[in-house]
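One letter stands for each residue in the lines below.
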Amino acid sequence: KMADGDKADTWAQVAGKITAIKQFVKDEKAYLIQLLDAINGFVYPVEAYNAKLANAVLCQVCLLLSASDEVLISKCSHYVTNVVLRQEAAFSEDAQNKCMELFLLSMTPANDAIISDVLYAVAAMARVHSNWKTEYMDALIGSSGVLFKFVPPSSSLQTCRVAVNCLHAIIKHISVSDDAMRQSVVHLLSLLQIAPTHSLDELQMCKFLLACHKTLITMVPNLPRDTLMATLPSLLTVLKDQMYHKLESLGQAGKPSLPVKHPSRHMKKQKKKSGRKENMLSSGSETLTDFTASSDSDLHHGRNADETVGQQRSHPGRHRVQSSDSELSDTESAAQWMRLQNAKVRQHACICLASVLKQCGARTVFGYWSSFLPDTPAPPPPRVAPPTLLTLAMHDPLSHSRCAAIQVINTIFEGSGPLLAAADDKTPHTLQTFKAFSQTLGGIIKEVHYQLLQALKAEKYSVTLVQLLKCLTTIVTNCPYQQLSGCYITKVIAEAVRISGHSSTDVSVACLKCFAAILGSHVPLAEVEAWLLSSSNAPAQSANRKLGNDMLSRPWVISHCLKLFGSNDCQPVQNEAIQIMTVLFKNYSQLVYQHCEDVYDHVVIAMMDSKARHSLLRLLEEIGRCLAAHQCDIGSAKCTEMWAGLLVGPLPLCLRDSSLAVRSVALDVMATIGDSTLKQLNHPQCMMMLSMVLNMSRDADPGVCSAAVRTLGVFVAYQSLFEFSVDCGCRGNQEQHAGAYQGDVVIGQPV
């Protein structure tokens, strides 16, 4: 073995010998090949790398070679790749220009033997050199760019994949013109349509499709608006076909394994187990899953949950074979590996589709909903419905592919609230020859709720659960439930309650965000009111409760959130629980005002933690408004007692907080006290409150000062404050000579 110093010297010696060759003759070709093999044979990064010598080597080699020297050009490409990618170094502008000129001359589809090495080197150059000449860009991706000439079957699929990767590197790291971007998109779409018909190598096809998808994912956010709109139909058509790549191979007899439901009014509810059996491959951490779903026909027919129907669907292609590693044949292992690669193709196609839909906007995407989402239940066997995004979300064996499909659904529903205002999910009583678009929207909403809830029941992976809950949160925010007949919110609440105790923090946070969306959207909802009136953990239509203070039971959501108030170790969970309580008291105060005192006690205790102080003050602000609105029902004595407790500890503590936002919100809380409660406070308490607000009006921060002025503006409208100020002024005049108010003339004067 050679020492590190010897390695560096040897690399320098080899580089010096290459630069010493001034004239290239045929007899020295073998010698130059030997030197290039030697310099490429070092383990990069080389410790004593010399940038000046490396540039000299590249310049000299480019001067010696011609476009017909395929072997030497291939070895020169290896040298460039080693220096750029492994040594993580860049060449000089002169060396770069000479190298690119040589590569462009040799980069023709006829030189298929060396083209892959050259394309790898060009892609490496694009990563570190962003100032390419215009002629290089035109030669590569111009109107007659050489990268667009590598098309099957004239070029091998591997060469086409390397050309696509080179295009990806150029677009990602170099500024590209709008015309070149448009031609690149058209070229990629043509490749995705042509390539599957000219290859029998499934693995190479998967690698090629993945390269095309990754390039499109990089290009779509940078596409001009007019180019995106012009190519949108072709993009959606190609990506829709790619989303279902090899999906039929998961079922029996070449048929897609789709969810099948059999609605019946006379069948009783059948409870069947549904789950996923994970099959871990020894070569990676990806998994195959087995999904069996039970149907729930009440979402399709607007009935109660008393009559449902379930059917268990199994997929033989996903069952794990119980055998040892020695019993597992190479054929079975290869088949499992190929299923994973095909699933990755579907995953990246969904990611690309989500990027396209996000760039287009909700209004543009709205016209394509029926192409990706079903609006009718699946027909009974042997008929098979065409696959949709919900098919991937429920039945794809790769969890990452399921997540990608769910993200596409989430993107489709984002910002769609105004567009869904005309949805109608009522089943027509008579057979209609024409289906209105409002009924189509209603059918889509019904099917999306049903199948996502079924997927939520069967899913075991926390990452996929989080995506499902996020998607349901977006749907809940945008769907017009007031005009829909199905009990969708009740079903969503039931599933969210069921998994709210999940061990994963991300799942718990996603559940809480879903609850916040339910409580904060489309207020008021009859289903939410029925849930709040129920004291059990599950939603109910009605409940008989005793309204005494001792016998009163809290709604499940309040009990669950109060348990999370003290979870200081998990700040996101605590923040989301506080947010739920804030939305609850803001929108449904008429149903939960009896629990103000209980929530108030927990808030005061949690206020000692400075991390959640801002969120807790927002909750106190809503509680203050609730106390002022329902003082007659709660009792003036109890309201006065709670406000007196705030003036003693929490509010002064927050007004001294270092955070400007905390001080501002604390002043907003004081503005919610109300005239009647302020009148019930004694003289020292009123003086303390006014003193705190007036002192904060002289705060150095303009935001805090503005909040104090707003609070004073609210106080001025109170009759009780006017009487208190006049009384203080009279006392000040009487006791002025006694010095009782010396140095404190603010309170002794009318506001």
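Chemist: Before we go on, may I ask you to explain the overall build of the protein in this structure?
Modeler: Regarding its fold elements, the protein presents 35 helices and two strands. Relative to its full complement of 751 residues, the protein shows a buried share of 53%. A separation of at least 24 residues holds for 74% of the contacts in the protein among residues at least 6 apart in sequence. Carbon and sulfur atoms form 52% of the exposed surface of the protein, whose accessible area is close to 33,900 Å².

Chemist: Explain the environment of Cys403 here, please?
Modeler: Here Cys403 shows up in helix α17 (residues 399-413). Apart from residues lying up to four places away in sequence, Cys403 is in contact with Val463, Thr464 and Gln467.

Chemist: Explain helix α4 (residues 70-86) here, please?
Modeler: With 17 residues, α4 extends 23 Å between its outermost C-alpha atoms, agreeing within 8% with the 24 Å of an ideal straight helix rising 1.5 Å per residue. The set of residues buried in α4 consists of Leu72, Ile73, Ser74, Lys75, Cys76, Ser77, Tyr79, Val80, Thr81, Asn82, Val83 and Val84. Tucked into the core, α4 has its buried residues touching α2 (29-40), α3 (51-64), α5 (93-106) and α6 (115-128). Taken from the residues just after α4, Glu88 is the one with a positive phi, measuring 55°.

Chemist: Would you mind showing me how to read the packing of helix α9 (residues 178-194) against helix α11 (residues 225-243) here?
Modeler: The description of two helices packed together rests on the angle between their axes and the distance between the axes. Between α9 and α11, the least distance of the axes is 10 Å, while the angle of their chain directions is 20°. By the angle between their directions, the pair α9 and α11 is classed as roughly parallel. As α9 packs across α11, the resulting crossing turns out to be left-handed. Listed contacts from α11 to Arg182, Val185, Leu189, Leu192 and Gln193 of α9 are Thr227, Thr231, Ser234, Leu235, Val238 and Gln242. For the contact of α9 with α11, a count of residues per class yields five nonpolar, five polar and one charged.

Chemist: Would you mind going over the pattern of salt bridges with me for this structure?
Modeler: Two side chains with opposite charge may pair up if their charged atoms get near one another. Tallying each qualifying case throughout the model produces 15 salt bridges. With its nearest N and O atoms 2.7 Å apart, the salt bridge here joins Lys75 to Asp37. Separated by 38 residues along the polypeptide, Lys75 in helix α4 and Asp37 in helix α2 bring together distant segments of the chain. Owing to a relative accessible area of 37%, Asp37 belongs among the partly exposed residues under this scheme.

Chemist: Would you mind showing me how to read the environment of Leu167 here?
Modeler: Structurally, Leu167 can be placed in helix α8 (residues 157-173). You can call Leu167 buried: its relative accessible area is 2%. Taking the C-alpha atoms as reference, Leu167 lies 9.3 Å from Phe148; in sequence the two are 19 residues apart. Once you skip the residues sitting within four places of it in the chain, Leu167 turns out to touch Ile141, Leu147, Ser184, Leu188 and Thr215.

Chemist: Quick question: what am I supposed to make of the environment of Pro555 here?
Modeler: Position of Pro555 relative to the elements: it lies in the loop between α22 (526-533) and α23 (556-564). Between the C-alpha atom of Pro555 and that of Trp531, which follows or precedes it by 24 residues, the distance is 7.9 Å. Beyond its immediate stretch of four places on either side in the chain, Pro555 contacts Leu532, Ser534 and His595.

Chemist: Explanation requested: unusual backbone geometry in the structure shown.
Modeler: For residues other than glycine, phi is negative in most cases, and the peptide bonds are mostly trans. The linkage connecting Tyr44 with the following residue, Pro45, adopts the cis geometry, with an omega of 5°. Within the fold, Pro45 resides in the loop between α2 and α3. If you check the backbone angles, Glu88 has positive phi at about 55° while not being a glycine. For Glu88, the location among the structural elements is in the loop between α4 and α5. Looking at Glu88, the relative accessible area reads 67%, which means it is exposed.

Chemist: Explanation requested: the nonpolar core in the structure shown.
Modeler: Generally speaking, soluble globular proteins have nonpolar side chains that are buried together. Residues Met107, Trp132 and Ile170 are the most contacted members of the largest nonpolar core, which totals 234 residues. The element that contributes the greatest number of residues to this core is helix α21 (residues 505-520), accounting for eleven residues. Apart from residues lying up to four places away in sequence, Met107 is in contact with Ile115, Val118, Leu119, Val122, Leu140, Val146, Leu147 and Phe150.

Chemist: Looking at this structure, I do not really get the packing of helix α31 (residues 660-670) against helix α34 (residues 702-716). What am I missing?
Modeler: Their axes nearest at 9 Å, the elements α31 and α34 cross at an angle of 0°. What the angle tells us is that α31 and α34 run roughly parallel. Of the residues in α34, those in contact with Leu660, Arg663, Ser664, Leu667, Asp668 and Met670 of α31 are Gly703, Val704, Ala707, Ala708, Arg710, Thr711 and Phe715. The residue inventory of the contact of α31 with α34, partitioned by class, reads seven nonpolar, three polar and three charged.

Chemist: I tried to follow the side chain of Ser77 on my own but got confused; where do I start?
Modeler: As for its placement among the helices and strands, Ser77 is situated in helix α4. A relative accessible area of 0% means that Ser77 is categorised as buried. When neighbours within four sequence positions are excluded, Ser77 is seen to be in contact with Phe103, Asp117, Val118 and Ala121.

Chemist: Please clarify how α21 should be interpreted in this entry.
Modeler: For an α-helix the count is 3.6 residues per turn, leaving residues at separations of three or four pointing the same way. Over its 16 residues, α21 extends 22 Å from the first C-alpha to the last, a length consistent with the 22 Å expected when each residue adds 1.5 Å. By the criterion of burial, α21 is predominantly enclosed, with twelve of the 16 residues buried. Every buried residue of α21 is listed here: Val507, Ser508, Val509, Ala510, Cys511, Leu512, Cys514, Phe515, Ala516, Ala517, Ile518 and Leu519. Of the surrounding secondary structure, the elements contacted by the buried residues of α21 are α19 (462-478), α20 (488-498), α22, α23 and α24 (571-587). Two or three places before Asp506, at the opening of α21, Ser504 has a side-chain oxygen 3.4 Å from that residue's backbone nitrogen.

Chemist: Would you explain the side chain of Asn82 in this entry?
Modeler: Its place among the elements puts Asn82 in helix α4. Classification of Asn82 as buried rests on a relative accessible area of 7%.

Chemist: Explanation requested: the confidence of the model for the protein in the structure shown.
Modeler: When pLDDT drops low, the exact placement of atoms in the prediction is not to be read closely. For the protein, the average pLDDT comes to 79, and 78% of its residues sit at 70 or higher. This stretch, residues 1-8, has a pLDDT under 50; its non-local contacts, to residues over four places away or in other chains, come to five contacts. Here residues 536-551 is modelled with pLDDT under 50, and outside its nearest four sequence neighbours on either side it reaches 22 contacts, counting other chains as well.

Rules and cut-offs
- Residues numbered from 1 in each chain as written.
- Predicted model: local features only at pLDDT ≥ 70, side-chain atom pairs only at ≥ 80, totals over all residues.
- Heavy atoms only, no water.
- Helix = DSSP H or I, 4+ residues; strand = E, 2+ residues; numbered from the N terminus.
- Buried < 20%, exposed > 50% of the residue type's maximum accessible area, 1.4 Å probe, protein only.
- Contact = heavy atoms within 4.5 Å.
- Areas by Shrake-Rupley, 256 points an atom, 1.4 Å probe, with all protein chains shown as cover.
- Expected span 1.5 Å × (residues − 1).
- Axes fitted to C-alpha atoms, helices over the stretch in contact; angles between N-to-C directions.
- Parallel < 35°, antiparallel > 145°, perpendicular 65-115°, else oblique.
- Left-handed = near helix turned anticlockwise from the far one by under 90°.
- Nonpolar A, V, L, I, M, F, W, Y, C, P; charged D, E, K, R; others polar.
- Salt bridge = Lys/Arg side-chain N within 4 Å of Asp/Glu carboxyl O.
- Core = buried A, V, L, I, M, F, W, Y, C linked by side-chain atoms within 4.5 Å.
- Polar contact = N/O pair within 3.5 Å; in protein donor to acceptor, adjacent residues only side chain to side chain.
- pLDDT = per-residue confidence, 0-100.

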